[in-house]
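Reading the structure
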Amino acid sequence: MVRTISYLPRPTIVLVRHGQTSWNEAGLVMGQADLPLSESGIQQAEAAAGELGSLHVGTLFSSALIRCQQTAEYISRTLDLPVTVLPGLEERSWGIYEGRHRTERDPSVDPPEGEALSCFQDRVAASLDLIAASVMPLIVTHSGVIRYILKETGRDKEHAYIPHAKPILATWETDRAVSGASITRV
């Protein structure tokens, strides 16, 4: 089943990918491996916190994985907002590819021992349903989650690469109809 997000009270959501980890730096597939931020990832998280003050964020959400929670904590301290952890915002499980170099993985195929794309999309959509009533939400999450949201909001062509710890604004169009999984505002 593919879920549809049918209501978002605000047209804008702020997305931030976690700071780097040692596996990111080595080009390894992270998936749901739960690694902390590297030293450069900590610096990225601190810098991101400083960039977000002008956006007037009202709520802060994070994936349950430690790299996101650490990034969100830096942002939380700067913006003086509590962090709400939502496990549904976790990266897609890449099964046997986790810990291998990213060139070994074919993202267009469901990974052995991993998560089917439709299950991943349903999970993220369910989390966004929970976030829907929030005031100017900021979500600290993973590149796969951000790519999915950007694809569904028609912004994926603008962001071929999802940088670490840089804010990306996603805007829902009020009259956009999307087949399959969709994020729309009614």
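Residues numbered from 1 in each chain as written. Predicted model: local features only at pLDDT ≥ 70, side-chain atom pairs only at ≥ 80, totals over all residues. Heavy atoms only, no water.

1. Comments concerning unusual backbone geometry
Glycine aside, negative phi is the norm for most residues, and most peptide bonds take the trans geometry. With a phi close to 55°, Asp80 is a non-glycine residue in the positive phi region. Examined against the element boundaries, Asp80 turns out to sit in the loop between α3 (66-79) and β4 (83-85). Backbone geometry at Glu113 places phi at a positive 65°, although glycine is not the residue there. Tracing the chain through its elements places Glu113 in the loop between β4 and α4 (117-131). For Glu113, a relative accessible area of 73% corresponds to the exposed category. (Helix = DSSP H or I, 4+ residues; strand = E, 2+ residues; numbered from the N terminus. Buried < 20%, exposed > 50% of the residue type's maximum accessible area, 1.4 Å probe, protein only.)

2. Notes on the pairing of strand β6 (residues 167-171)
Here β6 shows a buried face lined by Ile168 and Ala170 and an unburied face lined by Pro167, Leu169 and Thr171. The pairing of strand β2 (residues 12-17) with β6 spans five bridges and is antiparallel. Across the sheet, the residue bridging to Thr12 is Thr171, located in β6. (Pairing = 2+ DSSP bridges.)

3. Structural notes on the pairing of strand β5 (residues 137-141)
Most of β5 sits out of view: five of its five residues are buried. Here β5 shows no split at all, with Pro137, Ile139 and Thr141 on one side and Leu138 and Val140 on the other all buried. Both β2 and β5 contribute to a ladder of four bridges, which runs parallel. Along β5, the bridge assignment pairs Val16 with Val140. Pairing of strand β3 (residues 59-62) with β5 involves four bridges; the strand directions are parallel. The residue of β5 that forms the bridge with Leu60 is Leu138.

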